Amino acid sequence: MPERPFRIDEVADTMSPELKQKLKKALAGKTAVEMGQFQFLNLDDIRSEAGRQWPQIRAKTYEVSGHFIEKRLDEDDVFIRVKGGFLIIFKELGGVEAEARVCDIQDELNAFFLGEKNLEKLRVAAEARRVPTDEFLTLMAESQVEDEAEYEVEPQPETHEEAAEKAAAAWKDIEKRTEKKPESAAPDWPDEAEPPRSWDDVIFRPVWDASAGRFVHNTSLARRYTGSGWVYGRETLTGEDEKARLRDLDREVAMAAQRGFQSVFATGGSCSVVIPVHYETLTAISERMDYFSLLQAVPQRIRRFFQLRVASIPEGAPIGQMQEVFRSMRHFGSLIVAELVYERSWDLRRFESCGVSVFATALPERLASKEPTDEAVGSLLSLVEIANQLGAGVQLEGVQTQGYLDAGIAAGVRLFSGSLLADDQQQPSPPKKFTPVDIRNRANKPGDDDIAYV
């Protein structure tokens, strides 16, 4: 312990001028500060197991953790990277509120690392406390990173980071404006540069709630015309199975979903939008955080209008990994939807403790255009029963006939989508009443715009 407290100029000489000025401003006139301290645990174990890969793993650890924490701080809070972790100063928060914020960040950050290869053992210990200013400066001096070069991250290929920053700025603008205006007021959104892609556009598929007799959600989906018909989601990438292209698809769909919501919001309405994302995009922590940066931009009070849907869940995915992936999503939407491949029988035990609210499955084309068989009805009954045991509902997609709609309702399915109910839309729409009579009228008058969901 030094014999005298350090002055700020002595401990901030390695900081950027901007950070140094921000720190001076935060400490100006204060005899004590509200601080949070985050310390990595088990790094020695990870280092010994990583071998030659340790420098890259260490760099990623600091990069993703720092990005994660900064996204959860207020604009005037100060964030400082130190040896073995991070220090923060809260500009406004204090006491119980500061402690709650630090605890939330600690829990979420630990949850992120659980599903990451090579970092399963990594844990973050956090503490919030009020300390004298001089003590904080002393702590910061003793924790200074000795060799900044050790933690530098090699430049990465161009990604969608700029698009995420633009989205964050746009949502921040919405926040500022709606503090003084009704929620119907919305700003213009920035134009997003579209990456090279194999899909044609992103559409919104209406979802009908049988118990409410109305359209309640809009599922956003990428689509591509093949000459013989439309394909959706992952199928648009036929011949392009690179993981990076799948991440591009998920980012573009998320951005299109947010833009679609904003188009309704700007006219004084609101709508519920379901955002699909593929499981592969969420398994690696760095890629997961990159994707979540798009969702993090949405203001907390507006996230209730969004649902997240996980697609392409592998049959053999580890239960622990699945639980972590699903739990990490709960902060970004009102509900979590799990997409299932249609089966004759269902085993959903792997979804226990994942917090899934809805299981969605699409009728295979070989069944969808026909009347339901006893086997199909039994499959739906089984799915509803098992889903209900997990506290979840069921959504049946690809419904083309009245027979499957009636069978689904009788089995206890609540949510439906398909050509029997509505066509795909270019923009999402607010909730709209649509009764069984309207459905039958639509079936008898195909293409009738007075009935179609618009």
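Refer to the structure above for everything that follows.
Residues numbered from 1 in each chain as written. Predicted model: local features only at pLDDT ≥ 70, side-chain atom pairs only at ≥ 80, totals over all residues. Heavy atoms only, no water.

### Topic: the overall build of the protein
Step number 1: Of regular secondary structure, the protein possesses 15 helices and 14 strands.
Step number 2: Each of the 454 residues in the protein was classed as buried or not, and the buried ones make up 51%.
Step number 3: Expressed as a percentage of contacts within the protein between residues at least 6 apart in sequence, the contacts between residues at least 24 apart total 70%.
Step number 4: Per element, the accessible surface of the protein, about 21800 Å² overall, is 48% carbon and sulfur. (Helix = DSSP H or I, 4+ residues; strand = E, 2+ residues; numbered from the N terminus. Buried < 20%, exposed > 50% of the residue type's maximum accessible area, 1.4 Å probe, protein only. Contact = heavy atoms within 4.5 Å. Areas by Shrake-Rupley, 256 points an atom, 1.4 Å probe, with all protein chains shown as cover.)

### Looking at the packing of aromatic side chains
Step number 1: In this structure the tally under the stated criterion is 15 aromatic pairs.
Step number 2: Where Phe261 meets Phe265, the ring centres are 5.6 Å apart and the plane angle is 25°; that geometry is what we call stacked. Residue Phe261 and its partner Phe265 are both found in helix 8 (residues 243-265); the two are separated by four residues, about one turn of the helix.
Step number 3: Aromatic pair Tyr342 and Trp346: ring centres 5.9 Å apart, planes at 90°, arrangement edge-to-face. Residues Tyr342 and Trp346 agree in their burial class; the two are buried.
Step number 4: We note Arg72 situated over the ring of Phe68; from NZ or CZ to the ring centre the distance is 3.5 Å.
Step number 5: In this structure, Arg205 is placed above the aromatic ring of Tyr232, and the distance from its NZ or CZ to the ring centre is 4.4 Å. (Phe/Tyr/Trp six-rings, centres within 6.5 Å; stacked < 30°, edge-to-face > 60°. Lys NZ or Arg CZ within 6 Å of the ring centre and 35° of its normal.)

### Notes on the nonpolar core
Step number 1: Ile69, Phe326, Met329, Phe351 and Phe359 are the most contacted members of the largest nonpolar core, which totals 93 residues.
Step number 2: What Phe326 contacts, discounting residues up to four positions off in sequence, is Val310, Ile313, Ile336, Ala338, Phe351, Cys354 and Val356.
Step number 3: The next biggest cluster of nonpolar side chains, apart from the first, holds 15 residues, and it includes Ala26, Met35, Val82 and Val131. (Core = buried A, V, L, I, M, F, W, Y, C linked by side-chain atoms within 4.5 Å.)

### Quick notes on the packing of helix 4 (residues 54-70) against helix 10 (residues 285-296)
Step number 1: As a packed pair, helix 4 and helix 10 sit with axes 11 Å apart at the nearest point and diverge in direction by 20°. Classed by the angle they form, the pair helix 4 and helix 10 counts as roughly parallel. When the axes of helix 4 and helix 10 are compared, the crossing they make is left-handed. When helix 4 is examined against helix 10, the residues Lys60, Val64, His67 and Phe68 are found in contact with a partner set consisting of Ser286, Met289 and Ser293.
Step number 2: The class makeup of the residues in the contact of helix 4 with helix 10 is three nonpolar, three polar and one charged. (Axes fitted to C-alpha atoms, helices over the stretch in contact; angles between N-to-C directions. Parallel < 35°, antiparallel > 145°, perpendicular 65-115°, else oblique. Left-handed = near helix turned anticlockwise from the far one by under 90°. Nonpolar A, V, L, I, M, F, W, Y, C, P; charged D, E, K, R; others polar.)

### Topic: the pattern of salt bridges
Step number 1: Counted according to the given criterion, the structure contains 19 salt bridges.
Step number 2: Note that Arg309 and Glu339 form a salt bridge whose closest N and O atoms lie 3.0 Å from each other. Placement of the pair is Arg309 in strand 9 (residues 306-311) and Glu339 in strand 10 (residues 335-340), with a sequence separation of 30 residues.
Step number 3: Since its relative accessible area comes to 5%, Arg309 is described here as buried.
Step number 4: What makes Glu339 partly exposed here is its relative accessible area of 29%.
Step number 5: Residues Arg350 and Glu315 are paired through a salt bridge, measuring 3.8 Å at the closest nitrogen-oxygen approach. With Arg350 in the loop between strand 10 and strand 11 (358-362) and Glu315 in the loop between strand 9 and helix 11 (319-328), this pair connects stretches of sequence that are 35 residues apart.
Step number 6: Beyond isolated ion pairs, a larger network of salt bridges with shared partners links Arg245, Asp248, Arg251 and Asp290. (Salt bridge = Lys/Arg side-chain N within 4 Å of Asp/Glu carboxyl O.)

### Some words on the sheet that holds strand 2 (residues 78-82)
Consider a sheet: its strands pair through backbone hydrogen bonds, and that pairing is either parallel or antiparallel.
Step number 1: Taken in spatial order, the four strands line up as 2-3-1-4 in an open sheet, and their pairing is antiparallel. A strand with exactly one partner marks an edge of an open sheet, and here the two such strands are strand 2 and strand 4 (123-132). On average, each strand axis in the sheet is inclined to that of its neighbour by 20°, with strand direction left out of account.
Step number 2: Of the pairings in the sheet, the one linking strand 1 (residues 32-41) to strand 3 (residues 85-90) comprises six bridges and is antiparallel in character. Paired with Gln39 across the bridge in strand 3 is Gly85. (Pairing = 2+ DSSP bridges.)

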